[in-house]
Amino acid sequence: MTTPETQADISAEIDKIKADAEGLAKEGKPSRQPLLDYPPYRSSALRHPTKDPRHADPETIELWSPCFGHSDVNPLEADLTIGVDSSWNTQFTGEPIGERITVSGRVLDGEGRPVRNQLVEIWQANSAGRYIHKHEQHPAPLDPNFTGVGRCLTDDEGRYRFQTIKPGPYPWGNHLNAWRPAHIHFSLFGRAFTQRLITQMYFPGDPLFALDPIYQSITDQKARDALVATYDHDLSVPEYSMGYNWDIVLTGPSRTWTEPEENDK
Ligand SMILES: [Fe+2]
């Protein structure tokens with residue numbers, strides 16, 4: 001049996017790639033950041049795209065793509081603490097455990113204009129860091145009153161707003177004692193399935209940032225910071241929830257980093 005790699009092994013690889021990227025930047029040479037095949041994030045070796053992009057007819061793709069239900073988005077689906085689906089069915093019988101939070105922000109284009117009427121979907125672990133998934137078996141409790149999925153449409157200001165529970169950090173199998181910083185996964189659907197963007201929002205001051213190869217795969221600190229929400233006291237609701245603001249910029253130099261599509265190079 002091989003000895004599991006330690007955080008020190010992973011951190012040394014992270015530092016080396018970061019130093020290489022900074023060296024190229026100093027010389028004025030371009031380098032793609034993050035790398036699609038980022039060795040410290042072990043499974044990216046198998047997941048990253050290795051073929052050139054294939055062009056396909058967008059309408060044909062639409063015929064075979066997943067769909068997200070036939071009914072309109074129910075405004076109550078933005079409240080993950082009540083568990084109402086688009087058919088107004090309530091799944092929970094009580095309150096979820098954890099720190100109640102409001103997460104809101106604006107979806108903007110590169111010129112700062114609001115992107116209206118966009119489907120924003122989120123998914124996340126519960127406050128104990130556990131997802132409801134058959135491959136997720138670490139010994140943290142499931143919460144019968146929390147499924148961790150929600151969605152809403154942006155308004156005329158491009159704003160989305162979710163009521164949820166602060167997710168916990170969770171262990172993963174990248175290396176010995178690997179833990180993900182607390183995060184919420186975001187999907188922006190766009191106007192067609194081929195435009196869908198996916199990324200993760202983090203919480204300020206997380207002690208795991210320095211150790212996490214997914215967060216660290218982005219070597220530019222400004223781009224990393226764009227993935228971290230800001231505590232916003234105006235969003236906090238008295239006697240109810242803490243508020244976090246996180247804007248998503250789709251294009252331009254301040255663009256929020258999103259996960260590469262399978263066909264991206
Ligand atoms: Fe996650």
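Model, not experiment: these values are computed from the prediction.

Considerations on the sheet that holds strand β8 (residues 197–202)
The strand order β3-β2-β7-β8 describes an open sheet built from 4 strands, whose pairing is antiparallel. The sheet is open, and its two edges are formed by β3 (149–153) and β8, each paired on a single side. Put simply, the sheet's adjacent strands are angled 25° from each other on average, direction ignored.

Observations concerning the UniProt feature "domain: Intradiol ring-cleavage dioxygenases" (unreviewed entry) in the protein chain
The UniProt entry lists residues 103–131 under the feature "domain: Intradiol ring-cleavage dioxygenases" (unreviewed entry), expressed in the numbering used here. Across residues 103–131, helical content stands at 0% and strand content at 41%; the span's end C-alpha atoms are separated by 19 Å.

Observations concerning unusual backbone geometry
Even without a glycine there, the phi angle at Asn-177 is positive, about 65°. Its place among the elements puts Asn-177 in the loop between β5 (170–172) and β6 (178–180). Accessibility expressed as a C-beta count within 10 Å gives 11 for Asn-177, which makes it exposed.

What to know about the nonpolar core
Val-103, Phe-162, Met-201 and Ala-229 are the most contacted members of the largest nonpolar core, which has 27 residues in total. With 4 residues, strand β1 (residues 100–108) is the single largest residue contributor to this core. Setting aside residues no more than four positions away along its own chain, Phe-162 makes contact with Ala-78, Leu-80, Val-103, Ile-122, Gly-150 and Cys-152.

Some remarks on the environment of Ile-248
Its place among the elements puts Ile-248 in strand β11 (residues 248–249). Sequence-distant contacts of Ile-248, that is, excluding residues within four places in its chain, are made with Gly-105, Val-107, Leu-188 and Thr-256.

Quick look at the pairing of β1
Direction of pairing for β1 relative to strand β4 (residues 159–165): antiparallel, over a ladder of 7 bridges. Within β4, the residue paired with Arg-100 across the bridge is Ile-165. Inspection of the sheet shows β1 paired to strand β10 (residues 242–245) by 4 bridges, in the parallel sense. Residue pairing in the sheet places Val-103 in a bridge with Tyr-244 of β10.

Thoughts on helix α1 (residues 7–26)
In a regular helix each residue adds 1.5 Å, so 20 residues correspond to 28 Å; α1 covers 28 Å between its end C-alpha atoms and thus fits that length. In this fold, the buried residues of α1 make contact with α4 (213–216). Looking one or two residues beyond α1, the residue adopting positive phi is Gly-28, at roughly 75°.

What counts, and at which threshold
Residues numbered from 1 in each chain as written. Predicted model: local features only at pLDDT ≥ 70, side-chain atom pairs only at ≥ 80, totals over all residues. Pairing = 2+ DSSP bridges. Helix = DSSP H or I, 4+ residues; strand = E, 2+ residues; numbered from the N terminus. Axes fitted to C-alpha atoms, helices over the stretch in contact; angles between N-to-C directions. UniProt positions renumbered as here; feature names shortened; annotations may be inferred. Buried ≥ 20, exposed ≤ 12 C-beta atoms within 10 Å, placed from the backbone. Core = buried A, V, L, I, M, F, W, Y, C linked by C-beta atoms within 7 Å. Contact = placed C-beta atoms within 7 Å. Expected span 1.5 Å × (residues − 1).

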